[in-house]
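# A closer look at the structure
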Amino acid sequence: MLLMVVSVVCVGDAVVPQGGHVTLRCYYRDGLNNFTNFTLYKDDRSHVPVFHSRIFQESFLMGPATPAHAGTYRCRGSYPHSPTEWSALSDPLAIRVTGVHRKPSLLALPGPLVKSGETVTLQCSSDTVFEHFFLHREVTFEEPLHLVGELHGGGSQANYSINSTMSTLAGTFRCYGSFTHSPYVLSAPSDPLDIVITGEETPCLSHKPSLSAQPGPTVQAGENVTLSCSSQNSFDMYHLSREGEARELSLSAVPSVNGTFQANFPLGPATHGGTYRCFGSFRTTPYKWSDPSDPLPISVTGEETPCLSHVL
């Protein structure tokens, strides 16, 4: 007689770094787990000596992970009164082992700060000709998104466009590359890419902060300058961006004497000018920022410029 179907889940992440560990746990779908023993099966029938045909109770710690561990797994369970009678196999669970190939790069086009309602394209690329890319959002248990790699400039590339109104956009992303002959053996992860939605239409985020400069927007070369971001809204964090630079500075907001919430960004001795903006955010939604402040141009007078060489 065929017993109830069980499920296999991963405690941790189904994307496991080479040398890392992951716990596989089997359970009955309705939570009425009367099974006492379980066994794991690897769909490709390859031999993984650590647990091959091994019987265990509820969970199994797998690792240190090697490329041999990569693949899809199923489990089944048995009742205590009938230890030789096993359930049907669970649905498959994919385990991807990373760090086997060189990491690709991940870019956001036109940029990682995405105005609410606009579309951003995530571009994963590599000098290696990967046939597959996987796009993964950190701190979620979602399956990595599979993208087909295309030849590009001697390497490979895959693009994925997404609208900022979708809840899956904001967060920290990485991408991985793999080959068709070993699709669950992945490259090292790309450097992390934070995608932030700005100006979302909510009462708290729709109000932009103000940005000012001390001692002023025009300073002498070498003079210390501090930019102050403030708002009547009780933002937890402020983020300062400079036009033409990919990274932002972030500081905690503190209440000020005039009832605003403020953060001061000391930029040190001024060397060259630029245009700055700041944003506010809350700790509960760190990847959703307010509209930007009005742009603040900073001018530096007396900047040193290299002498022009004379051609004789």
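What counts, and at which threshold
- Residues numbered from 1 in each chain as written.
- Predicted model: local features only at pLDDT ≥ 70, side-chain atom pairs only at ≥ 80, totals over all residues.
- Heavy atoms only, no water.
- Pairing = 2+ DSSP bridges.
- Helix = DSSP H or I, 4+ residues; strand = E, 2+ residues; numbered from the N terminus.
- Core = buried A, V, L, I, M, F, W, Y, C linked by side-chain atoms within 4.5 Å.
- Buried < 20%, exposed > 50% of the residue type's maximum accessible area, 1.4 Å probe, protein only.
- Contact = heavy atoms within 4.5 Å.
- Disulfide = S-S within 2.5 Å.
- Phe/Tyr/Trp six-rings, centres within 6.5 Å; stacked < 30°, edge-to-face > 60°.
- Axes fitted to C-alpha atoms, helices over the stretch in contact; angles between N-to-C directions.
- Salt bridge = Lys/Arg side-chain N within 4 Å of Asp/Glu carboxyl O.
- 1 Å grid on protein atoms, 1.4 Å probe; cavity = no way out; pocket = protein on both sides within 12 Å on 5 of 7 lines; lining within 4 Å.
- Points joined across faces, edges and corners; volume = space filled by probe spheres on them.
- Nonpolar A, V, L, I, M, F, W, Y, C, P; charged D, E, K, R; others polar.
- Domains from an automatic or database assignment.

The chain carries the name Immunoglobulin domain-containing protein in an unreviewed UniProt entry, which gives Macaca nemestrina as its organism.

## A closer look at the sheet that holds strand E26 (residues 261–269)
Across the sheet, 4 strands lie side by side as E20-E22-E26-E25; this open sheet has antiparallel pairing. With one partner strand each, in any of the chains shown, strand E20 (210–214) and strand E25 (254–255) form the two edges of the open sheet. With 2 bridges joining them, E25 and E26 adopt antiparallel strand pairing. Each bridged residue has a counterpart across the sheet, and for Pro255 the counterpart in E26 is Phe261.

## Some points on the nonpolar core
Judged by nonpolar contacts, the single largest core of 20 residues is most densely connected at Leu106, Leu122, Leu135 and Ile195. At the level of secondary structure, the elements contributing two or more residues to this core comprise strand E10 (105–109), strand E12 (119–126), strand E13 (132–137), strand E16 (155–163), strand E17 (171–178) and strand E19 (193–198). With near-sequence residues (within four places) excluded, Leu135 lies in contact with Leu106, Leu122, Pro144, Leu145, Leu147, Tyr160, Phe173, Arg174 and Cys175. Among the nonpolar cores identified, the runner-up in size contains 19 residues, and Val219, Leu227, Ala253 and Leu296 belong to it.

## Quick word on the state of the cysteines
One pass over the full model with this rule turns up 2 disulfides. One disulfide in the model links Cys124 with Cys175; its S-S distance is 1.8 Å. Since a negative S-S torsion denotes a left-handed disulfide, the Cys124-Cys175 link at about 75° is right-handed. Of the two residues, Cys124 sits in strand E12 while Cys175 sits in strand E17, which places them 51 residues apart along the sequence. For Cys175, a relative accessible area of 1% gives the class buried.

## Comments concerning unusual backbone geometry
With omega at -5°, the peptide bond leading from Gly63 into Pro64 counts as cis. By the secondary structure assignment, Pro64 is in the loop between strand E6 (59–62) and strand E7 (71–79). Residue Pro215 is bonded to the preceding Gln214 through a cis peptide linkage, with omega at 10°. By secondary structure assignment, the location of Pro215 is in the loop between E20 and strand E21 (218–220).

## Let's talk about the packing of aromatic side chains
Geometry of an aromatic ring pair is reported as the spacing of the ring centres plus the angle between the planes. Counted under the stated rule, the structure contains 5 aromatic pairs. Ring centres 5.1 Å apart and planes at 45° place the aromatic pair Phe130 and Phe179 in the tilted group. One end of the pair, Phe130, is in the loop between E12 and E13; the other, Phe179, is in the loop between E17 and strand E18 (185–187), and 49 residues separate them in sequence. One exposure class covers both Phe130 and Phe179, and it is buried. On the numbers, 5.1 Å between centres and 45° between planes, the contact of Phe235 with Phe282 is tilted.

## Digging into the sheet that holds E16
Read across the open sheet, the 4 strands follow the order E10-E12-E16-E15; overall the sheet is antiparallel. Sheet topology places E10 and strand E15 (150–152) at the edges, where each strand pairs with a single neighbour. The average angle at which neighbouring strand axes cross in this sheet is 35°, direction not considered.

## Brief notes about the pattern of salt bridges
Across all of its chains, the model carries 7 salt bridges by this definition. Put simply, Arg242 and Glu245 hold a salt bridge, and the shortest N to O gap is 3.4 Å.

## Here's the deal with the layout of surface pockets
Put simply, the largest pocket is a space of about 940 Å³. Around the largest pocket, the lining is made up of 44 residues, and of these Pro112, Leu113, Asp194, Ala246 and Glu248 lie nearest the centre. Counting residues per element, the ones that place at least two in the lining of the largest pocket are E10, strand E11 (113–115), E12, E19, strand E23 (237–242), strand E27 (274–282) and strand E28 (285–289). With 6 residues, E27 is the largest single contributor of residues to the lining of the largest pocket. Partitioning the lining of the largest pocket into residue classes produces 21 nonpolar, 11 polar and 12 charged. Viewed by domain, the lining of the largest pocket spans two of them, domain 2 (102–198) and domain 3 (210–301), each represented by three or more residues.

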